[in-house]
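# A structural walkthrough
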Amino acid sequence: MTLFVALAIGVVYGVSILLLLRGSLWQLLVGLGLLSHGAHLLLFAGGGLVASAPPLVAEGATQPAAGSADPLPQALVLTAIVIAFAVLAFALVLGDRAAAKARTDDLDAYSGEPG
Amino acid sequence: MSVLVAPLGIPLVTALLAAAAPRRAGVQHAIGVTGAALLFVAAVRLLLHVHGEGVVAVQMGDWPAPFGITLVADLLSAAMVAVSAAVGLAVAIYACAEPRETIERGSFVCFSHILMLGVCGAFLTGDLFNLYVWFEVMLLASFVLLVASGERSAVTSGVAYVALNLLASAFFLVAVGLLYSQLGSLNLADLRLRLDLPGAREAAGPAAAFLLVAFGIKAGLFPVFFWLPASYPTPAFAVSALFAGLLTKVGVYALLRMFTLLFPDPIGGPLVAVAVATMATGVLAAASQSHVRRILSFHIVSQIGYIVLGLALATSLGVASAIFYTLHHIVTKTNLFLVGGLIARAGGGESLARLGGISARGVGLSLLFAIPALSLAGIPPLSGFFAKLFLIRASLQAEAFVAAGAAVGVGLLTIFSMAKIWNEAFWKAAPEEAPDLRLGRAAVIACAGLCVLTVGIGIGAEVVWELANDAARQLDDPQEYLRAVLGDGS
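Residues numbered from 1 in each chain as written. Chains lettered and ligands numbered in written order. Predicted model: local features only at pLDDT ≥ 70, side-chain atom pairs only at ≥ 80, totals over all residues. Heavy atoms only, no water.

### Some thoughts on the overall build of chain A
When helices and strands are counted, chain A shows 3 helices and 0 strands. In terms of overall dimensions, chain A is more spread out than a globule: its C-alpha atoms have a radius of gyration of 20 Å, far above the 13 Å expected for 115 residues. Within chain A, buried positions represent 34% of all 115 residues. Across chain A, the fraction of contacts at a sequence separation of at least 24, relative to all contacts at a separation of at least 6, is 57%. Surface summary for chain A: the accessible area is close to 6,700 Å², and the carbon and sulfur share equals 67%. The averaged location of the 7 negative side-chain charges in chain A is 16 Å from the averaged location of its 4 positive side-chain charges. (Helix = DSSP H or I, 4+ residues; strand = E, 2+ residues; numbered from the N terminus. Rg over C-alpha atoms; globule rule 2.2 N^0.38 Å. Buried < 20%, exposed > 50% of the residue type's maximum accessible area, 1.4 Å probe, protein only. Contact = heavy atoms within 4.5 Å. Areas by Shrake-Rupley, 256 points an atom, 1.4 Å probe, with all protein chains shown as cover. Lys, Arg positive; Asp, Glu negative; His and termini not counted. Charge placed at Lys NZ, Arg CZ, Asp CG, Glu CD.)

So this is what it looks like as structure tokens:
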């Protein structure tokens, strides 16, 4: 399980870095999306991977049974996903505008010379 | 409790009011300036409170630390909030003279206050994940402000800005994940205690490296600063002044906090080398530019190098110098960008080749430029002189002679750059008849106010240095911080 997740994170990172280095606007944006997902997976796995042991508190007890999953990384990763989703949505609209203004998706043409 | 919550509540309410109010410039400015003034009052109150009674902390929702959300202010946080609120007020006043279009179409008041909210939140949070969230709040607001004009240069440079910041955020998130998986906590004070256990700090090395890279990108360190000079010269002047003063400094603050509270062991040589490279490349690149805000943007990079040098020396004197430098830099740099707007208005553009003859049009504008420019270059008795003096003294004391020499040399080149703007825009004859535009009384008042602050930090350098020293002492010995957050049990 851990090995599988570790490999999955590695693949996500690998694909995203490949896309980031391509020099095309759309591949850059997809790469950034994948990069943040790689970070989310890592954050999620950081809490330890536990199969089918939800952190529920049994009736009468005051804390979840030992060995159940850590709920905090899940809460963190949800927050991070929401933020990344918003930022990516903004970046896609921005990319659309930039491609329309510059009439190309080649990032080398995007030198930021102020007018 | 209210002293800590007010600097967050005021910009939030101001932003919501500005979003709900009609988008007429008059209404928007009334809300913006009032909100900024209230924030300034709240920030000064926080600084006085922390100065008088020491570190304050409050647990949101009454969840005990380290489980709840902690807000905490030591002298460094409080001073950063105070000086940020001061430049926020100056920018809000200056914005009254910006074209109506900029304010109304771009919702400037709403997003500039969300930016202030993110900045103050980042300074006041006591929790690593919340620091991430505040960074994102600040960044999203800055994205909107940056591209609000919709012009080609703004949106294309915006792509680089957004991409680099997303990259930095991903690095930051990885560091959060690694620290949590190793130590099981994200509260900064609690992390410090857990990192002090034997072997923990060595194991957390990769997380520290990720934090360094993430905040290095956000602060604009060599070699990852290229997003900064590409994007800062493109938006409205009030917006780029706000960015110039605050955004990179939040990265600097995070570096100061992480590498004193969590990882106090000196990084040493490599970080000193990065700082010197940042100083040198920034100032050399600035010397080759001929566009007012591009010159100023590269100088931000070079000044960040000075500040990080103070941190890299890893002595108490070095950290105190870095804090003093940061406070001076926020005021001076914001002012230079605002005055850059006045120059563009008086001369009809920002390209040095097309500017000229501004000094013939009255001593007022010349003086407004000369004060922050000379301060940036480090001429006594202005604030920049003392900032450089303290830093060079700290370098000499730490026997970093190369770094001290670089600091002197870069200062000389800064004078060259400022003299270049002076010669081209102010002294040489105007190449063509420029339209005689009004500068706007509000804009002049804002710049004059920041000039007074620059002179004030210079003349009252002893008071500010005392404050920076006390702040550095709190960073050096975190017992007071830990007690404030975790209670007496720690």
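### Thoughts on the overall build of chain B
On a plain count of helices and strands, chain B comes out with 21 helices and 2 strands. Here the C-alpha atoms of chain B give a radius of gyration of 21 Å, agreeing with the 23 Å that 2.2 N^0.38 yields for 490 residues. Taking the principal axes of its C-alpha atoms as reference, chain B extends roughly 70 × 55 × 40 Å. Split into buried and exposed, the 490 residues of chain B put 63% on the buried side. Element-wise, carbon and sulfur atoms account for 67% of the exposed surface of chain B, whose accessible area totals about 16,300 Å². Computed over 26 positive and 26 negative side-chain charges, the separation of the two mean positions in chain B equals 10 Å.

### A closer look at the pattern of salt bridges
Residues and elements named next belong to chain B. Taken as a whole and judged by the stated rule, the model has 7 salt bridges over all chains. Here Asp 74 makes a salt bridge to Arg 257, at a shortest N to O gap of 2.9 Å. One end of the pair, Asp 74, is in the loop between strand 2 (69–73) and helix 3 (75–95); the other, Arg 257, is in helix 12 (residues 237–262), and 183 residues separate them in sequence. The exposure class of Asp 74 is buried, given its relative accessible area of 1%. By relative accessible area, which is 3% here, Arg 257 ends up buried. Among the charged side chains, a salt-bridge network with shared partners connects Arg 192, Asp 196 and Arg 201. (Salt bridge = Lys/Arg side-chain N within 4 Å of Asp/Glu carboxyl O.)

### Overview of the nonpolar core
Soluble, globular proteins show a tendency: their nonpolar side chains are buried together. Residues and elements named next belong to chain B. Counting 221 residues, the largest nonpolar core has Leu 128, Phe 172, Ile 323 and Phe 324 as the members making the most contacts within it. Among the elements that take part in this core, helix 12 stands out by supplying 19 residues, more than any other. Setting aside chain neighbours within four positions, we find Phe 172 in contact with Leu 128, Leu 131, Tyr 132, Phe 135, Leu 211, Ala 214 and Phe 215. (Core = buried A, V, L, I, M, F, W, Y, C linked by side-chain atoms within 4.5 Å.)

### Thoughts on the interface of chain B and chain A
Across the boundary between the two partners, chain B contributes 33 residues, which contact 35 residues of chain A. Both faces considered, chain B and chain A share a buried interface measuring about 2,800 Å² in area, 80% of it formed by carbon and sulfur atoms. There are 0 salt bridges connecting chain B and chain A. Those elements that provide at least two residues to the side of chain B that touches chain A are helix 6 (128–147) and helix 7 (152–183) of chain B. The class makeup of the residues in the side of chain B that touches chain A is 22 nonpolar, 8 polar and 3 charged. (Buried area = accessible area lost by both parts, 1.4 Å probe. Nonpolar A, V, L, I, M, F, W, Y, C, P; charged D, E, K, R; others polar.)

### Regarding the confidence of the model for chain A
Low-pLDDT stretches of the model should not have their predicted coordinates read in fine detail. Per-residue confidence for chain A gives a mean pLDDT of 86; residues scoring 70 or more make up 96%. Looking over chain A, one finds the lowest element-wise mean pLDDT in helix 3 (residues 71–102) of chain A, namely 90, and the highest in helix 1 (residues 2–20) of chain A, namely 93. (pLDDT = per-residue confidence, 0-100.)

### Structural notes on the packing of helix 14 (residues 292–313) of chain B against helix 15 (residues 316–347) of chain B
All names here are of chain B. Following both chains from N to C, one finds helix 14 and helix 15 inclined at 170°, their axes separated by 8 Å at the closest point. Comparing their axes, helix 15 and helix 14 come out roughly antiparallel. Judged by residue contacts, Val 292, Arg 293, Leu 296, Ser 297, His 299, Ile 300, Gln 303, Tyr 306, Ile 307, Gly 310, Leu 311 and Leu 313 of helix 14 engage Gly 318, Val 319, Ala 322, Tyr 325, Thr 326, His 328, His 329, Lys 333, Leu 336, Phe 337 and Gly 340 from helix 15. When its residues are assigned to classes, the contact of helix 14 with helix 15 shows 12 nonpolar, 9 polar and 2 charged. (Axes fitted to C-alpha atoms, helices over the stretch in contact; angles between N-to-C directions. Parallel < 35°, antiparallel > 145°, perpendicular 65-115°, else oblique.)

### Examining the environment of B:Phe111
The residue B:Phe111 is located in helix 5 (residues 108–124) in this model. In this structure the C-alpha to C-alpha distance between B:Phe111 and B:Thr260, which are 149 residues apart in sequence, comes to 32 Å.

### Concerning helix 21 (residues 479–486) of chain B
Residue and element names in this part refer to chain B. Taken together, the buried positions of helix 21 are occupied by Tyr 481, Leu 482 and Val 485. All buried residues of helix 21 project into a common sector of 95° when viewed along the axis, lining one side. Taken together, the buried residues of helix 21 touch strand 1 (56–60), strand 2, helix 8 (188–195) and helix 12. (Arc of directions from axis to C-beta.)

### Focus: the confidence of the model for chain B
The predicted model of chain B averages 89 in pLDDT, with 98% of residues at 70 or higher. Both scores are given for the predicted complex: the pTM is 0.93, the ipTM 0.91.

### Some words on the layout of surface pockets
All names here are of chain B. When its volume is computed, the largest pocket comes out at roughly 860 Å³. Contributing to the lining of the largest pocket are 35 residues, with Glu 151, Thr 234, Pro 235, Ala 236 and Arg 293 lying nearest its centre. Contributions of two or more residues to the lining of the largest pocket are made by helix 4 (100–106), helix 6, helix 12, helix 14 and helix 15. A total of 4 residues in the lining of the largest pocket trace back to one element, the largest contributor, which is helix 4. (1 Å grid on protein atoms, 1.4 Å probe; cavity = no way out; pocket = protein on both sides within 12 Å on 5 of 7 lines; lining within 4 Å. Points joined across faces, edges and corners; volume = space filled by probe spheres on them.)

### Brief notes about helix 19 (residues 441–459) of chain B
All names here are of chain B. Counted at 1.5 Å a residue, the expected span for helix 19 with its 19 residues is 27 Å, and the 27 Å between its end C-alpha atoms agrees. Among all positions of helix 19, only Ala 443, Ala 446, Cys 447, Leu 450, Cys 451, Thr 454, Ile 457 and Gly 458 are buried. The arc that holds every buried residue of helix 19, seen down its axis, measures 135°, which confines them to one face. In helix 19, the exposed positions angled more than 90 degrees off the buried face are occupied by Arg 441, Val 452 and Ile 459. (Expected span 1.5 Å × (residues − 1).)

### Some remarks on the pairing of strand 2 of chain B
Residues and elements named next belong to chain B. Most of strand 2 sits out of view: 4 of its 5 residues are buried. One ladder, built from 5 bridges, connects strand 1 with strand 2; its direction is antiparallel. The residue bridging Ala 57 from the neighbouring strand is Val 72, located in strand 2. (Pairing = 2+ DSSP bridges.)

### Observations concerning the state of the cysteines
All names here are of chain B. Evaluated as defined, the whole model comprises 0 disulfides over all chains. Cysteine Cys 96 shares no disulfide, and the gap to the nearest cysteine sulfur, in Cys 447, comes to 13 Å. Note on Cys 96: relative accessible area 34%, which makes it partly exposed. The thiol of Cys 451 is unpaired, and the distance to the nearest cysteine sulfur, on Cys 447, comes to 6.9 Å. (Disulfide = S-S within 2.5 Å.)

### Quick notes on the packing of aromatic side chains
Residue and element names in this part refer to chain B. For the coordinates displayed, the defined rule picks out 26 aromatic pairs over all chains. Taking the centre distance of 3.9 Å and the plane angle of 20° together, the rings of Phe 390 and Trp 465 count as stacked. A residue pair is termed long-range when its members are at least 10 positions apart, and Phe 390 in helix 17 (residues 383–397) and Trp 465 in helix 20 (residues 461–476) qualify at 75 residues. The exposure class of Phe 390 is buried, given its relative accessible area of 9%. Taking relative accessible area as the criterion, Trp 465 reaches 11% and is therefore assigned buried. Taken together, a centroid distance of 4.7 Å and an interplanar angle of 15° make the contact between Trp 422 and Phe 426 stacked. Residue Trp 422 and its partner Phe 426 are located together in helix 18 (residues 401–427), separated by 4 residues, close to a single helical turn. Look at Trp 422 and you get partly exposed, because its relative accessible area is 23%. (Phe/Tyr/Trp six-rings, centres within 6.5 Å; stacked < 30°, edge-to-face > 60°.)

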